[in-house]
Amino acid sequence: MSDIVNQAVTVLNEKLAGADFGGTAKFDISGEGCVMMDSSGARAADETADVTLTADADTFQSILEGDTNPTSAFMSGKLSVDGDMGMAMQLASALA
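Residues numbered from 1 in each chain as written. Predicted model: local features only at pLDDT ≥ 70, side-chain atom pairs only at ≥ 80, totals over all residues. Heavy atoms only, no water.

## Details of the overall build of the chain
- Summing up its helical and strand segments, the chain has four helices and five strands in all.
- In summary, the chain has a C-alpha radius of gyration of 12 Å against a globular reference of 12 Å for 96 residues, a match within 12%.
- Here the chain, with 96 residues, has 43% of them falling under the buried criterion.
- In the form shown here, the chain has an accessible surface area of approximately 4,900 Å², with 46% of it arising from carbon and sulfur atoms.
- When the 4 positive and 15 negative side-chain charges of the chain are each reduced to one mean point, those points stand 2 Å apart. (Helix = DSSP H or I, 4+ residues; strand = E, 2+ residues; numbered from the N terminus. Rg over C-alpha atoms; globule rule 2.2 N^0.38 Å. Buried < 20%, exposed > 50% of the residue type's maximum accessible area, 1.4 Å probe, protein only. Areas by Shrake-Rupley, 256 points an atom, 1.4 Å probe, with all protein chains shown as cover. Lys, Arg positive; Asp, Glu negative; His and termini not counted. Charge placed at Lys NZ, Arg CZ, Asp CG, Glu CD.)

Dropping the structure here:
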């Protein structure tokens, strides 16, 4: 796994701690790998999910650091969402 994916797992586990996230989501970081998130936290994996969010490494880093709002990234075309849009919105709230 790449350093970006490993860092993402650590940051996402911190952000999701205590959050009520009841589905499965996948961040597909272009050229780096995938991070799965569910009620047990985040881990480096590429599995089927309720929603898949795809972005390049820079956009993903910016979202994790709080510099980019996930909704703004989606509206500007930097983040694509495939699957359950409601689940994506729930995840965006948990990451804020």
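What follows continues from the structure just given.
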